[in-house]
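Descriptive structure summary
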Amino acid sequence: MSKKYVYDFEEGNASMKALLGGKGSNLCEMTSLNIPVPPGFIVSVDACQAYYNEWGESLPNEIIEDYKSHMLKVEEKMGKKFGDTEDPLLVSVRSGAAISMPGMMDTVLNLGLNDKSVLGLAKKTQNERFAWDSYRRFIQMFGNVVMNIDSALFEKELDIIKESKHVEFDTDLDASDLQNVVKAYKKLVRKEKGIDFPQDPYDQLKMGIEAVFSSWNNNRAIIYRKLNNIPKEINGTAVNVQVMVYGNKGETSGTGVCFSRDPSTGANVFYGEYLMNAQGEDVVAGIRTPNPMSTLKVQNEKLYNELLKYSQILEKHYKDMQDMEFTIEEGKLYMLQTRNGKRTAAAAVQVAVDLVEEGLITEKEAVLSILPEQIDQLLHPQFDTNAEKKTKILGKGLPASPGAAVGSVVFNAQEAYDKNQNGEKVILVRVETSPEDLMGMDAAQGILTTRGGMTSHAAVVARGMGKCCIAGCSDAKISESAKTLTIGGEVFKEGDFISLNGSLGNIYGGKIPVVEPALTGHFETLMNWADKYKKLIIKTNSDTPEDTATAVRFGAEGIGLCRTEHMFFEESRINAVREMIVSENIDERKKALDKIEPFQQKDFEGIFNVLEGKPAIIRLLDPPLHEFLPKEEADIEKVAKEVGVSVSHLKQTIEDLHEFNPMLGFRGCRLGVIYPEISEMQARAIFKAAQNVKGAQPWIEIPLVGNVKEYTILKEVVLKVAKELKAENVNFKIGTMIEVPRASLTADELAKECDFFSFGTNDLTQMTCGFSRDDAGKFLQLYVDKGIYDRDPFQTIDKVGVGRLMKQTVELARKVKPDFHIGICGEHGGDPESVEFCHEIGLNEVSCSPYRVPIAKLAAAQAALKE
């Protein structure tokens, strides 16, 4: 075979991540750093791709012979033979994609054991219990991962034997008991699959490698890649075949997971958990609650210091917080894995800033190290301190992922997902979580488990998602069958509310009020660096002084979209709006508009005061008028009475305004062209407010323009009002929203008349792709799944279609006016990938919702630094 598919650990390095996967390339790198790593080899990502695309999902003989030759090298290093019946060499088979996907793909440990070699292992180690424990673990893991037998069936057999021996833990079973477990497991395999458990080690290895390759496309891995926007170019996993070292050889052996810093807070403290007389899955699966690393220091200070030394070497080498797996075999330490650690947003920010202060990385590297989407975790409410103090703590668990969560209790992932789809906020309560719970965990506000530690599945996944999580809460008793949670003497049924403080590990009954977060300390430092390096101006979409104040607190540099129609729906003014709509002539309409104008002026003054001289793009009335009118009979009768018209007159108005396709109907600038008095009133309110607030900068935006003549008609209306009010001293601009494809195609004509453009990418996407935003949700995800679109085009800009129109718009406008100001104010303004695209095509600003401002700011800085 001409192409190389298999690599020894000595043949790779950290730069080969795309070929060898993250885990494999880091094993190679640790080997080169003389860190004690059990030897092994890697079957590459290229082999995984060939497995799917060329080999019909079965390993060819050439590959099998290739990895057999690499196994011979491993045998030479270890002085043992794979498959030997006297002193067997056993291996682990693990996945390892280029981007870390913890727990999403499959692993097999103790591979190579069979009915004969287990006896040799027992004799060689003089530890019969260890040998049979390793074999029973292997059969269960191989049976589940490779042979697709439900793991619960194995657990059931194990529980039967534990009950017969009247013991609670696996560690309480002796060698004879474990032999009986093995017999029961083998019978189960025969019953479920109709074949005996495979005895040939090389058959086991082939099946194991194929199972890991196949796990690339299991449901949980696919969901994880979608949730984390892992690009389709990352296509396949490597397989790491590594000599087994054993943490289950008794109390001088153990296994654990450690971090060079605290992954929840980012504090510069050595952090982790371990179990003695255990294998790796015992720690991460949450079956036993592990010990903190501080206990190891007391138990064996020499080992603790050695582990700490390797942690510090690896952090300095990789210049990032490391997540490491280790095993202690009869007092000797082995490092099994290192990777850049998953961390909460708060930890990510603290680590980045601390590493700069420690001289390990630069400010620019710190800015680039944070995922913009992750910042969202820091921008949401925490519990009100006083209210929390007054609330009784019902129980306490491990603070696995910080934040606050309030929701109704649910006991399974599907229920969490279903209720979330209906708009309900839920807390997922489980004994322990598994990768199959991923969608429910994503849907929940927070997660509570009674088993597991800080590195359990629930903890690691919740931290990655930014979900509040409390793990290992032994105070709580959960009955998943009865659907009850008993804690602190209280019983909670499905639907009852609880509150979780994931930063402290506290569980409360009922709902605790929440408060807005404040951006200070390390976060403020990071945002200051982002400000230093970004080129895009970051504004906010805001219609109220309150939202504007929030956005300014988060660093907004003005308003990129103020939707004036949102102000019309307030109870104090909606009837005046309705009077305007049902008016039969211009005098009646103006009379109604005179009632609305003071409200609008007051709104604008409030916003201008908060902005303190920052510009505000104010969009004139956009939606169709029927949106302000009632639909139900009872509401129609009530409104008719309130606005002083007959029911029949109101019904006739509603019928006259009915449209088959309102999105393309009588809305936007079309309202102002036909009823210029509406635009006049809004312009008056804007200019009067600006005259009353020192430094106000209104940028008046005319929506839904497709023809330059529509724009010039309304531009003249605005200029006429400005002249009447003697508003020459107001620093104002007039521009348009680019939402209609025709406006993009004639951007040069429009630019001659406009002071600025702002892309309304919600409508531009609808009209360019031919999708209704309100209806496309029924099929768009299927389109993404089928690869028709890489992302939902309403969430991330469709660069090939909509993006090409945007780029063309910029080019046409700047041929007319080289310094022409162009921004974006659709929902895409808070999407990091879309922000990067806006930077690439040369926009001046992006605007997004208040809570997305720091995300957009960081994404803009990263786009500038990548350039």
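Placed above this text is the structure.
Residues numbered from 1 in each chain as written. Predicted model: local features only at pLDDT ≥ 70, side-chain atom pairs only at ≥ 80, totals over all residues. Heavy atoms only, no water.

On to the sheet that holds strand β19 (residues 468-471), then. The mixed open sheet is built from 8 strands, whose spatial order is β14-β24-β23-β16-β17-β18-β19-β15. Of all the strands in the sheet, the pair left with one neighbour each is β14 (393-396) and β15 (398-401). Direction aside, neighbouring strands of the sheet carry axes that sit 30° apart on average. Pairing of strand β23 (residues 497-501) with strand β24 (residues 506-509) involves 4 bridges; the strand directions are antiparallel. When the sheet's bridge partners are listed, Leu 500 is paired in β24 with Ile 507. Contacting β16 (404-410) and β17 (426-430), helix α16 (residues 413-421) runs over the sheet at an angle of about 175° to β17. (Pairing = 2+ DSSP bridges. Helix = DSSP H or I, 4+ residues; strand = E, 2+ residues; numbered from the N terminus. Axes fitted to C-alpha atoms, helices over the stretch in contact; angles between N-to-C directions. Contact = heavy atoms within 4.5 Å.)

It is worth spelling out the side chain of Ser 311 at this point. Relative to the assigned elements, Ser 311 resides in helix α12 (residues 301-318). Residue Ser 311 is classed as buried on the basis of its relative accessible area of 1%. Excluding its chain neighbours within four sequence positions, the residues that come into contact with Ser 311 are Ser 260, Phe 270 and Met 324. (Buried < 20%, exposed > 50% of the residue type's maximum accessible area, 1.4 Å probe, protein only.)

The strands that make up a sheet are held in pairs by hydrogen bonds between backbone atoms, and each pair lies either parallel or antiparallel. Reading across from one edge, β10-β9-β8-β11-β12 is the order of the 5 strands in this open sheet, with antiparallel pairing throughout. Lying at the two open borders of the sheet, with one neighbouring strand each, are β10 (291-292) and β12 (332-340). Pairing geometry for strand β8 (residues 254-259) and strand β11 (residues 322-329), over 6 bridges, is antiparallel. In the sheet register, Gly 256 faces β11, and the bridge partner there is Phe 326.

Bringing empty space enclosed by the protein into the picture now. Remark: the empty space left among the atoms is shown by a probe the size of a water molecule rolled over them. For the structure on display, the rule yields 3 cavities of 30 Å³ or more. Empty space within the largest cavity amounts to approximately 50 Å³. Around the largest cavity, the lining residues are Leu 620, Leu 621, Gly 668, Cys 669, Leu 671, Gly 672, Ile 678, Ser 679, Pro 703 and Leu 714. Sorting the residues of the lining of the largest cavity by element identifies α26 (669-674) and α27 (676-692) as the ones contributing at least two each. Ranked by residues supplied to the lining of the largest cavity, first place goes to α26 with 3 residues. Across the lining of the largest cavity, the residue classes break down as 7 nonpolar, 3 polar and no charged. (1 Å grid on protein atoms, 1.4 Å probe; cavity = no way out; pocket = protein on both sides within 12 Å on 5 of 7 lines; lining within 4 Å. Points joined across faces, edges and corners; volume = space filled by probe spheres on them. Nonpolar A, V, L, I, M, F, W, Y, C, P; charged D, E, K, R; others polar.)

Looking at the element boundaries, Asn 26 is found in helix α1 (residues 17-32). The contacts of Asn 26, once residues within four sequence positions are left out, are Ala 14, Tyr 318, Thr 338 and Arg 339.

With that settled, the discussion passes to unusual backbone geometry. Residue Asn 277 is not a glycine yet carries a positive backbone phi of 55°. By secondary structure assignment, the location of Asn 277 is in the loop between β9 (271-276) and α10 (280-284). In this model, Lys 319 sits at a positive phi of 60°, which is unusual for a non-glycine residue. Following the sequence through the fold, Lys 319 ends up in the loop between α12 and β11.

Taken as a whole and assessed by the stated rule, the structure comprises 52 salt bridges. As a salt-bridge pair, Lys 419 and Glu 424 come within 3.7 Å of each other at their nearest N and O atoms. Under the relative-accessibility criterion, Lys 419 is labelled buried at 16%. Taking the shortest distance from any N to any O, the salt bridge between Arg 589 and Glu 677 comes out at 2.6 Å. (Salt bridge = Lys/Arg side-chain N within 4 Å of Asp/Glu carboxyl O.)

Time to look at the nonpolar core. Core analysis: the biggest nonpolar cluster contains 106 residues, and Ile 375, Phe 757, Met 806 and Leu 843 have the highest contact counts within it. By residue number, the principal contributor to this core is helix α13 (residues 345-357), which donates 8 residues. Ignoring any residue separated from it by four or fewer positions in sequence, one finds Phe 757 in contact with Thr 736, Ile 738, Ala 747, Leu 750, Ala 751, Thr 809, Ala 813, Phe 820, His 821, Ile 822 and Gly 823. Counting residues in hydrophobic clusters, the runner-up holds 60 residues, among them Val 6, Leu 90, Leu 173 and Val 243. (Core = buried A, V, L, I, M, F, W, Y, C linked by side-chain atoms within 4.5 Å.)

One way to put it is that helix α5 (residues 128-145) packs onto helix α7 (residues 175-193) with a least axis distance of 9 Å and a crossing angle of 20°. On the basis of their axis angle, the class for α5 and α7 is roughly parallel. For α5 against α7, the interelement crossing comes out left-handed. From α5, Glu 128, Arg 129, Trp 132, Asp 133, Tyr 135, Arg 136, Ile 139 and Gln 140 reach across to α7, where they touch Ala 175, Leu 178, Gln 179, Val 181, Val 182, Tyr 185, Lys 186 and Val 189. In terms of residue class, the contact of α5 with α7 is made up of 9 nonpolar, 2 polar and 5 charged. (Parallel < 35°, antiparallel > 145°, perpendicular 65-115°, else oblique. Left-handed = near helix turned anticlockwise from the far one by under 90°.)

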